[in-house]
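One-letter residues, chain by chain:
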Amino acid sequence: GNYFTAVLSREGKVYTFSWGNDGRLGHQTEAADVEPRPLLGPLENVPVVQIAAGYCYLLALACQPNGMSVYSVGCGLGGKLGHGSRTDEKYPRVIEQFQILNLQPRVVAAGAWHAAVVGQDGRVCTWGWGRYGCLGHGNEECESVPKVVEGLSHVKAVHVATGDYTTFVVSDDGDVYSFGCGESASLGHHPSFDEQGNRHANVLSPTVVTSLKQVNERMVQISLTNSIYWNAHTFALTESGKLFAFG
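In this report, we go over the structure that sits alongside the text. (Residues numbered from 1 in each chain as written. Predicted model: local features only at pLDDT ≥ 70, side-chain atom pairs only at ≥ 80, totals over all residues. Heavy atoms only, no water.)

1. Observations regarding the overall build of the protein chain
Helix and strand counts for the protein chain come out as two helices and 20 strands. The buried share of the protein chain, reckoned over its 247 residues, is 51%. A separation of at least 24 residues holds for 45% of the contacts in the protein chain among residues at least 6 apart in sequence. (Helix = DSSP H or I, 4+ residues; strand = E, 2+ residues; numbered from the N terminus. Buried < 20%, exposed > 50% of the residue type's maximum accessible area, 1.4 Å probe, protein only. Contact = heavy atoms within 4.5 Å.)

2. Section: the sheet that holds strand β1 (residues 5–8)
One open sheet accounts for three strands, arranged β1-β2-β3; its pairing is antiparallel. Unpaired on one side and paired on the other, β1 and β3 (37–38) mark the two borders of the sheet. (Pairing = 2+ DSSP bridges.)

3. As for the sheet that holds strand β20 (residues 243–246)
Taken in spatial order, the three strands line up as β18-β19-β20 in an open sheet, and their pairing is antiparallel. This sheet does not close on itself; its edge strands, each paired only once, are β18 (219–224) and β20. Strand-to-strand twist in this sheet, taken as the mean axis angle between neighbours without regard to direction, amounts to 20°. (Axes fitted to C-alpha atoms, helices over the stretch in contact; angles between N-to-C directions.)

4. Side note on the nonpolar core
Counting 26 residues, the largest nonpolar core has Leu152, Val176 and Ile222 as its most contacted members. Listing elements by their share of this core, those giving two or more residues are β8 (105–110), β9 (114–119), β12 (157–162), β13 (166–171), β14 (176–180) and β18. Residues contacting Val176, with those up to four places away along its chain left out, are Phe168, Val169, Val170, Thr207, Val208, Val209, Leu212, Met219 and Ile222. Ranked by size, the runner-up nonpolar core spans 17 residues in total, among them Ala115, Val117, Cys125 and Val148. (Core = buried A, V, L, I, M, F, W, Y, C linked by side-chain atoms within 4.5 Å.)

5. Let's talk about the pattern of salt bridges
What the rule picks out here adds up to six salt bridges. Glu89 serves as the salt-bridge partner of Arg93, at 3.0 Å between the closest nitrogen and oxygen. Overall, Arg93 belongs to the partly exposed group, its relative accessible area being 35%. For Glu89, a relative accessible area of 16% gives the class buried. (Salt bridge = Lys/Arg side-chain N within 4 Å of Asp/Glu carboxyl O.)

6. Some details on unusual backbone geometry
Notably, Tyr132 is not glycine yet its phi reads approximately 65°, a positive angle. Mapped onto the elements of the fold, Tyr132 is located in the loop between β10 (124–128) and β11 (143–148). Positive phi is not limited to glycine here, since Asn216 has a value of about 60°. When you line up the elements, Asn216 lands in the loop between α2 (210–213) and β18. Taking relative accessible area as the criterion, Asn216 reaches 71% and is therefore assigned exposed.

7. Some points on the packing of aromatic side chains
For the structure shown, the criterion picks out six aromatic pairs. Positioned over the ring face of Tyr165 is Arg131, at 5.6 Å from the centre of the ring. (Phe/Tyr/Trp six-rings, centres within 6.5 Å; stacked < 30°, edge-to-face > 60°. Lys NZ or Arg CZ within 6 Å of the ring centre and 35° of its normal.)

8. Quick look at the environment of Ser9
Along the polypeptide, Ser9 turns up in the loop between β1 and β2 (14–17). The class of Ser9 is buried, set by a relative accessible area of 18%.

9. Remarks on the pairing of β8
Counting buried positions over the six residues of β8 gives five, a clear majority of the element. From the end of β8 to the start of β9, which pair antiparallel, there are three residues.

10. Examining the pairing of strand β5 (residues 57–64)
Most of β5 is tucked away, with seven of its eight residues classed as buried. Relative to β5, strand β4 (residues 48–54) runs antiparallel, the two being bridged by six bridges. The residue of β5 that forms the bridge with Gly54 is Tyr57. Connecting β4 to the next strand, β5, in antiparallel fashion are two residues, including Cys56 with a positive phi near 60°. Here β5 pairs with strand β6 (residues 67–74) via eight bridges, running antiparallel. Paired with Leu59 across the bridge in β6 is Ser72. Count of turn residues in the β5/β6 antiparallel hairpin: two residues.

11. Observations concerning the environment of Glu44
Mapping Glu44 onto the fold places it in the loop between β3 and β4. Accessibility expressed as a relative area gives 39% for Glu44, which makes it partly exposed. Glu44 sits 30 residues away from Val14 along the chain, and the two C-alpha atoms are 8.3 Å apart. There is a polar contact of 3.0 Å between the side chain of Glu44 and the backbone nitrogen of Gly41. (Polar contact = N/O pair within 3.5 Å; in protein donor to acceptor, adjacent residues only side chain to side chain.)

This is how it looks when you write it as structure tokens:
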């Protein structure tokens, strides 16, 4: 998570350590502290089933009596906490937009500056800094609350993965879609060229990774590096256990 580590116990408790001494996660720690501290605030007595760490912020998928909720805490730059502002949060705060969208979160992913969620109904939401098109909304605008990716309306998603400025989505039929920064070919697409011969590697809307589709294997998981340009690379795991890499 850049400057901190988060751990989820089998009992559903979240612990963090090594994130400075100004109480960024609701407790005081030294920069070199290696002792895990419990994440204080609203999640103290709420079971958490998944966590995802980005650049100085944390997402937690929590089990509530009325369903699943997503909490965020930490740095709010770019709107990546999903609360409609760019304000930092020292304690976990529930992202209320999912109730407005009538979406039950199923999977959370935290990139460096943007985040994503897959709902129980297969819809995908993204928010945060939209540089290079990593939110998949057809532009590079920031979104300070979760927004449904309309370019995936025909897809039922089951998995999502995020990097620095890249996003991957796996559908229930095993297809893989990607969007965002494609400078190092880590999106799996061939770059396009305009009439003047200018290279366009970034992908602003969800696009199927045809090279993986041609493998005729069902993809189940994507893992990618949190870096861009020439160091980024991506791994794709098939249902049969085969591993593909590109970037």
